[in-house]
Every structure is written in structure tokens, then in C-alpha cells.
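Coordinates in review
Listed here are the chains, written in short residue letters.
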Amino acid sequence: MARVGTKCSRCGATLPETDAGAAGACPQCGEAATAAPKGRRGRSAILAAVALAAIVVAGVVIYLNFPDDLLRAAVPARPAAAAPPAKREVSDAPDKAEIRTRLVVARVGKDGAAKAVVALGRPAGPKTPQDASGTRQGILLRELVRQALLIAARDELGLATRDESLDDIAPPAAEGQAVELATLFRPGGTRAMLRRVGGEGAGVVLKVDLGDDPDNGNYPLRLAKQAEGMSRSEFVAALKGLGAEGTANEVRDAAPVPAKVEERLSGLGLVEHVAAIRDLHAAIRADGESPERLGALARAYAQLGVLTEFQCSPAHKAFKARAILYAERLRAREPGSSRARWNRAFVWALTGLPAEALDTLDEMKADAAKGGEAPPWGPVLEAYVKGDLKRLKEERGPHAKLAVLLRMLAVEFPQNTRAAVLAARDVLSADADCYRAYDVICASGGLGDRHVATEAGPAAFTRLFPVKLRSVGSLPSGVRESLDKADEPGAVAALAKAGAPGEDAGEPSWGSFAHLARETRFAQVARRLYFMRYAWAVPVDDYWAEVRPSVADHRDLPYLEAMALPPRELARSVPRDLDLTDLEVSQNDLIKAMRAARHPATDSAWTMAFFHSDTVVRDISEVISNWQDRRAHFGRNLLLTSPYNAFAMATLIESDWDHVKGDAPAWREKVGDAPALLLALGKREAMDKRLDEAAKLLARSVELSPDREAYQALAACYEAKGDIDRWKATLDEYLTKTEDAGLDHARVRVQIANDYMSRGQFAEAKPYAEAAAQTWAGWAMTCAAHCAEGSGDLDQAELWTQRTTERYPTTSWTNWYSFCKRTGHGDLKAARAWTDAYVASVAGRPDLADPETVGYYYWSVGSPKEAHDALTRAFDVKPTAPVGINLAVLADELGDKARRDSALAKVCDELKDQAPKSAAICRLIRDSLADGGKTPLDLKAIDAILESIPAERRPGTEFFIGKYLMNHGKTDVGRKYLKHCADSPTLGLWFKTIAEATLKAPDPPKEL
């Protein structure tokens, strides 16, 4: 298929596209298509604009829709001022790509005690990538509009507000006029609308133009400014038109923040942040809105947004949207003030747009010259956006906890590094109530790290959540009673009830505490389940039975069931259609679990998660970490969004070296000794054979982040130089000087053992292989078995093989029996008995024993009927030519001519392209059977086809020919083919075993 070239950013000419998919240099002006723009002023859209990119995930190609402008070399320049869009007519036609939210304006309560409330329901967006195609579905974009509407009600009308995205209990539609808020972000025209839906009076209440360029990198800034203005104008008027009446907050030139707010914001726990926010809203409602209170409110929401990023909920982006809008509100109150700009910089940095914070900090340099004073947290913020890890680590003031949190965020990517794990541990040392840190350990740590984190996190929450709740003033009595009984579910239920409209005047409601508890527990259960199922590889039934009641009501329960339930039970309990409206790329593990369960929504889930991404650091970093396609493209955008981001630099060094090698020295000067940058540069120098320079960079990298990958890369440098002693010394240093957080040490020991074994030095390999096997990791025990077998110790080899089989049966259930058959050594009877028992125990569980393998096992042990049944199950699920051919041979052996002929027909007619030469032989067999077998099989034609097959692949074809001939009494010629199979070094064990057994068995009758 011809590819359409992109446009040159300099002259506009169409660029040629290479086989690799990247546009080359412009043929007219010579501009490189991948050259990054200079400076931070230009930003392109990233993930919210994902479309038409081929992303390979788990072996399946998923096509997303990249707009052409994202493939240009340069990104749109940011205008000098974020001017409002020009007035134009906006279509109000319904669009299937809209994100719709039910809005209710109602009075709750009885008689004179009734109170007005404005509530937003949970958003509903397009369900398929096709419906969303051509639009931007970023969650932060929609939340900027949704939260602006709530601010209009809360701060301009003094009304209570509720948001179902935060698990608030929304009033029923019958209590007020149902209206729909709809947002649409389509390049060429974006909009927000309020419209009455259903019944009389249906129609548009408000229609607002949100601009035409959501792919421009500074669109979130422009949208934030416009949405904040709408919260004081259009939205207020629209709410009044819907029957909402109230008075705006008093505006004061100065008023202090409530007591304990700054103290609470200096911690890293969730409860105290919500408590601080409630105190701030209460003070504003009672005593007026001041710059001090607006600034603290924006910072509190920004910090809460960061601290809740680990949860499987869009609430963190709702909190971030509120932070941005309140920062803009402060800026509108005090245009040009240093205080407002510092506050805005803080919010942009924590919400994932540090480049915007840098721009603001640069603007304030003039203020410093005039004696402008930075806030107490100013140095911490500046250190974060400039990647100064040393300054963050050395912070000892009142904002030390903030500094340690930001340092963790700065090294969170790339994942799977000790730097990230150690930084997260520093956070937990400062505040054990920071569940964002436990999540970082789960994402980057080794097996041991994750084991500890997935137990310690829930334990910390159990211990600290009730303590923190009791410290909140005016806690509802029902909540206190449940806490006194150590009844966490009861306390959560009481919080939700206490937050009902009409019961609670606070903002956010008491229900927000319940939301945080439910989401924290769900995330912890998800992490533990994923760890147990896919990393630790142990049964999860008991754990799931214990924890399921705590998450049973969660809307994303199906994702957990995908990890916990057998396929048949999962199919009964999980609906085919899942709500994908809020799915994010950070929930990659949940998507993978659903994919492993073969849920039909999986492919859409991958793609919709991309669509929901925003132009923020964490989303882009998650994409780079989890998807391999277009890494250079995403790396460039990450660097534009976060100019001091070492992960972005490392990504470009790895994926786009030819275009960035000139920038590398400046990057090194810019971010110093960032481990990610050092590792990437060291590996690149090694690839270019500059081994001495590579070794220096890698040695410094392991000092800062003692990662297995860095040590192995350093060792590889010495190996490339021919210094095997230093290669081994480097790996030994890793084993002796670094913490063994899981299986990383075992992997290095296996690497050393395999190197020794490749040179026939099994005695030298043995201590490393045996030490690795003591971890009981399957691959480590397999290494030990190979080492023992290579040294002639078959008893020890069988022991390790047996242990592997018994401990990891789902992946190794055939190993013990296969070893005994292959070597002729060991307790074959016991191995056979164990294997038979396992296969029987997992009958009907293809996830625990692949039916194709089961079929070949049964065939090898002389049970053709059971083999035929198992292969039939495999063939019904996934018809392949090899299985179809062997199924035909088995049916022939059993005398089932109908099934034999059916399988042959399938191979000859429908599957012939999978194995054309074997299919040709099957046609010869089918032709000879057409008249009841009277026509002799054309063996010369068969041999001619066999000669055209490579020798190493030929025995597989000879197997079914030999078996077929033996079935029909052609013993002499059949034995010839099967003898080749039995003697083949390349044929699989099952077929060799079947061939050997057939050769030893009495000759079958002449014809079936």
C-alpha cells in the first residue's frame, strides 16, 4: 500500500517516506523531517491526537488515527498571546464523538430546608475508536470544561455541587431539569454545549466555540483561560436560565488561609489534602475569596491530582483541572502579579506541563531583579522543572516532603530502575501514607520489591486511614461509630451517605473521602492480583475470595475478574461491552489482563486508552514505556513538554540518534548525571565501538542507579574488548554490591552460567546456576537442570526439572515427563502419573493446559481417542494447517472417515496458504481416497514435494505421511518415513515419541 508523505515544515513540499515509515529529508530545501524545533515555544499535541499510527501490542497490530500535522518536523508556533477564538457559527448537530455529561439543577431537602445543588453525572464518550476517529478525547480537556461549569455554580452562585466522577451521589433526574453538557474536540472546530434532552423544550441552552486547533501544543492553556472565563460568565448565565439562583463569593483583597491548611498540604496523605480543600472552600464560602485562599486551593488540588494518579479513576484529572482553573481564577483576579504567576507555574508543573512552568519562571526573572519575592516552595518547584535532583534531595525545610515527592516523579521514568525504587522508598520514609509511592515501586521494582509493596501499601492504609479520618473536624457520627468498630467498609458507606446532596454543604463532599478509600483499595487489589498471577505465578483463588467483597461494587471489577476467574466463569460474569470512557494508558496492566483473558473489548481498550491521553508528561511517558512504535515521535513531544526530561533525551538517543547526536553534549550539560541519560549515551557509545567512553558513562550510571541493565551493558563493553575477566568481575560486582530486590541477581547468575556452559565449562557454571535456582524461578531451575545434565548428573537434572514442573505447571507441565522420555533416565512412571493427573485436573481450562499440547501428549502415550478430542478442541478455537493435518491422521487411525475427510478438506481448501506443500500432499491423499482408496497414493509426487522442503523442516511432513501409510498397511514405506522422524535432531519430542512407539508396535492390518 502506498504511503502518503508528510509536509516539509520549511517549504511545504511533500516528503518521501522510507520503508521504516519515517519521512526523509525534503527534496526541495533539504530540511530534515525529524528535526526538533528550537526552544520551548512550540508544542505539538501528543496522545490526545493519536490516530493512524500502527501500534504493535502483544503481537496484534492496532491502527490508530494520527493526523498529518503530528508527523511534521516542526510543531505549530505558540502565539504571543492566548487570544480568544474569533466569533463564528458553531454547529449544534449531535456528534457520536461527543463526550456527554448529565447536568441536574435541583433543590434537595424538605420545605424551608431545601437547598439548591448542581450535579454532573459520569461522562459518557464514544465507545469505539471508529466513533472517536478524527477527534481528541483527552480526559483533561473535557474536565477543564466540566469543572469550569461546577466552579460557576460553586463560586459564582454559592451553590452546592456534586460530581459523579468523584463517586458523589447525584440527585435523580426527576428532582430537576435534566440537561446535557456535551464537549467535542475536533480539529477545525471544537465546542461546548448545554442542551435540554428529551421531552418538551429539548434544544440548545448554550453553545460555545472552543477554537479550531486542539492539536496545537498550547491548546490546554488557551482552553483553561477560556473555560475559567466561562465559569464567570456564560456558564453562570446558563445556570441561571436553568433555574439556579445564588450569590457569588465575596471577593477580598486579602484573607488568610484557615489554620492547619498549610500543615496538611505539607504532607503526602490523601485524607489531609481533601480536608484542607474542604477547609478552604468553607472559608471562601463563609468569609470571602482572597488571593491567598485561591492560591492554596489551586496548589491543594494540584497535589491531590498527583497523589491520586495511581488510582483507576479519572478523578485525578478532575482535581488537576480544578487546580488549573483556580490558578487561572487567581491570575484573572491579579493579572500580572508575581503571586499569581508563581501559583500558575506550580500548578502547570504538577499537572504535567513543566515547560509551561518554565516559561512562567523565566518571565519572573525580571520580578526578582525588582525585588520580587518567591514563595517558600519556589526553589523546590524550580529544582523540579529543571531536573535538579540534587537540590530536591537536599531540601530540608517545611517543603521537604514535597521535594522528595517531586524527586520521585522526576525519576519515575524509565521504569524498572533502582533510582525510581529508591526515590519511592525515600517518599515512604518521609510519609508512609503516600500510595503513589507504593505504585511506583510496583511499576519499577523487582519481585521482592513488589511483594513487599503490595502487602505494605494495604497495611499502611488499614492503619492510617482511620487515624487520619478522626483528625478531620466535624466528622459525621456514623463514620466515627464505624471507625470505633474498626469497620472500614461501614465507614466508607457512612461517608458516602453523609455526602448526599442536602446532607453535606462541604466541598468536596464527605463522599470524596469514600471515593478515595474505594479507589485506593481497588488499585491495591489490582496491583496484588497482577503481581501474584503474572510475576509470582501463584494461585490467586484464596486472595481473591478474601478481598473481593472490598471491591465488589467497583465499576472496573471485570478487569480484576480477568485475573482471578477461570475463563468459563469469566465469560459468564463479565459483560461483552465494557465502559471504556475513562480508560487510561496508565492502566496498561488491567488491559493486558483482559487481553490474556481474550475478552472481546480488548482491542478497543488499547486504542481508546490512547485516545484518552493528554499532552502531559505522565501520559507520554507511559506510552513510550509500554508501546514500541513511534518512540522517536513521542520522545520529541515529551522533550517539548518537559525540556529537562532525561527520559525523553534517552528515548531519542535510543530511537533517533542520527538526528539528536549533535544535541547530546548540551543535554548532558543541561541535566547533569541523570542515570537514564548516562545509560542511553553509554549504550550508544558501545554500539559505535567507542568502548572506553561507553565504560565511563556506564560506570557513572551504575553509581547513581545500580540497575542490572546498566551493569550488563558495562560488562558487555569489557566483553567486546575481549576482557572476559573484567566482564565477569563486573557482573560479580553487581551480585555482591547491589541489593537483590527479586530475581535480578538470579538473572545475572543465569547469564554467567550460560556463558560458562556455552564453552563447555559446566563445573564453573554450577555454583551460579544452583544459586539462581534457589530462587525457585522457573527459568533459573531450568538453567540448573541444563547445567546438571551437561555435567552428567542426571539425577540432579531430573530433580530441578521435576521441581519446575510441579511449581509452574501452567507453563511447565510437560517438562518432567519429556525429560524422562528424552534422556531415558528418571522416574518415567511417576512423571507420567503426575502429568496424567494434572491434565485431568485442568480439563476445560485452556489457560492452564493448551489443548493442542494435551492432544500431542495423549497421542504420545498411546491414547489416540483422547488425543483426537483435545486436538479437535484446539482446532475449533484456532484452525491451523498443522493441527488439521494431524487431526486427519488421528481420525484415520481411529477409523473415523468422516472426521478425517472433513479435516483434510479444511486443510486443502481453507488453510492451504498456511502450509502449501503439506496441503499439496493432503490433496494427493484426498484424491487417492476419492474412490475408496482404490487409486494408489502417488509416492513419487510426494517425494518430489518433500525434496523441495528444507531438510530441517522435512521430518514434520514425513511424520504424517508415515503415520498415514502405516494406518493403511503400507508398513515398509511408512516405516521409512517414520524412521527419519525418530532419528531427526530437529523434530519435536512428541512426534519423535509417537514415531518411535509406532515403529515398535505390531504392524497394523493392511487396510482400515
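Cut-offs used in this document
- Residues numbered from 1 in each chain as written.
- Predicted model: local features only at pLDDT ≥ 70, side-chain atom pairs only at ≥ 80, totals over all residues.
- Heavy atoms only, no water.
- Helix = DSSP H or I, 4+ residues; strand = E, 2+ residues; numbered from the N terminus.
- Contact = heavy atoms within 4.5 Å.
- Phe/Tyr/Trp six-rings, centres within 6.5 Å; stacked < 30°, edge-to-face > 60°.
- Buried < 20%, exposed > 50% of the residue type's maximum accessible area, 1.4 Å probe, protein only.
- Lys NZ or Arg CZ within 6 Å of the ring centre and 35° of its normal.
- Disulfide = S-S within 2.5 Å.
- Pairing = 2+ DSSP bridges.
- Polar contact = N/O pair within 3.5 Å; in protein donor to acceptor, adjacent residues only side chain to side chain.
- Salt bridge = Lys/Arg side-chain N within 4 Å of Asp/Glu carboxyl O.
- pLDDT = per-residue confidence, 0-100.

Note that V421 resides in helix 15 (residues 418–430). Each C-alpha atom, one on V421 and one on V440, is 6.9 Å from the other, the two residues being 19 residues apart in sequence. Leave out the neighbours within four places in its chain, and V421 touches I441, S444, G445 and D449.

Glancing now at the packing of aromatic side chains. Applying the stated criterion across every chain, the model contains 26 aromatic pairs. Relative to Y534, the ring of Y530 has its centre 4.9 Å away and its plane inclined at 50°; by these criteria the two rings are tilted. With Y530 and Y534 both in helix 20 (residues 510–536) and 4 residues apart, this pair spans about one turn of that helix. Note on Y530: relative accessible area 17%, which makes it buried. Through a chain of ring-to-ring contacts, three or more aromatic side chains come together here, namely W813, Y817, W834, Y838, Y857, Y858 and W990. Of note, K670 hangs over the ring of Y644, and the distance from its end group to the ring centre comes to 4.6 Å. The lysine or arginine in question, R803, covers the ring of W800, its NZ or CZ lying 4.8 Å from the ring centre.

Right, let's get into unusual backbone geometry. Cis geometry marks the peptide bond from F413 to P414; its omega dihedral reads 0°. Mapped onto the elements of the fold, P414 is located in the loop between helix 14 (400–411) and helix 15. Each neighbour pair has its own omega, and for E507 with P508 the value is -15°, a cis peptide bond. Inspection of the secondary structure assignment puts P508 in the loop between helix 19 (488–498) and helix 20. In this structure, S474 takes a positive phi of about 55° despite not being glycine. Take S474: it is sitting in the loop between helix 17 (447–470) and helix 18 (477–484).

Moving on, we get to the state of the cysteines. A covalent bond bridging the sulfur atoms of two cysteines is what the word disulfide describes. All chains considered together, the criterion is met by 0 disulfides. A disulfide-free cysteine, C922 has its sulfur positioned 5.2 Å from the sulfur of C908, the nearest such atom. We classify C922 as buried; its relative accessible area is 0%.

Further remarks concern the pairing of strand 7 (residues 189–196). The element strand 7 is largely enclosed, with a buried count of 6 among its 8 residues. Summarising the sheet, strand 7 and strand 8 (residues 203–209) pair through 6 bridges and their orientation is antiparallel. If you follow A192 over to strand 8, its bridge partner there is V208. With antiparallel pairing between neighbouring strands as the criterion, strand 7 and strand 8 make up a hairpin whose turn holds 6 residues, including G198 at a positive phi of roughly 80°.

If you trace the backbone, H612 turns up in the loop between helix 25 (602–611) and helix 26 (617–626). Judged by its relative accessible area of 3%, H612 is buried. At 3.2 Å, the side chain of H612 forms a polar contact with the backbone oxygen of T581. Those residues within four positions of H612 in sequence are excluded, and the remaining contacts are Q137, G138, I139, K317, L580, T581, D582 and L583.

As a further point, take the pattern of salt bridges. Using the criterion set out here, one finds 75 salt bridges in the structure. Of the charged contacts in the structure, one is a salt bridge between E289 and R329, with a shortest N-O distance of 3.0 Å. Taken together, the residues E289 in the loop between helix 6 (270–287) and helix 7 (291–307) and R329 in helix 8 (residues 315–333) connect sequence positions 40 residues apart. Salt bridges sharing common partners tie together R142, E143, R146, D163 and D582.

Moving on, we come to the side chain of T183. Note on placement: T183 falls in strand 6 (residues 176–186). A relative accessible area of 2% places T183 in the buried class. With sequence-adjacent residues up to four places away left out, T183 is seen in contact with E98, I99, R142, V145, R191 and A192.

You can see E272 is positioned in helix 6. In this structure E272 comes out as buried when scored by relative accessible area, which is 12%. Spatially, the C-alpha atom of E272 lies 7.0 Å from that of K468, the residues being 196 residues apart in sequence. A distance of 3.1 Å separates polar atoms of two side chains, one belonging to E272 and the other to K468.

It is worth spelling out the confidence of the model for the protein chain at this point. Taken over all residues, the pLDDT of the protein chain has a mean of 87, while the share at 70 or more is 88%. Confidence drops under pLDDT 50 across residues 1–82; counting only partners more than four residues distant or on other chains, this segment forms 196 contacts.

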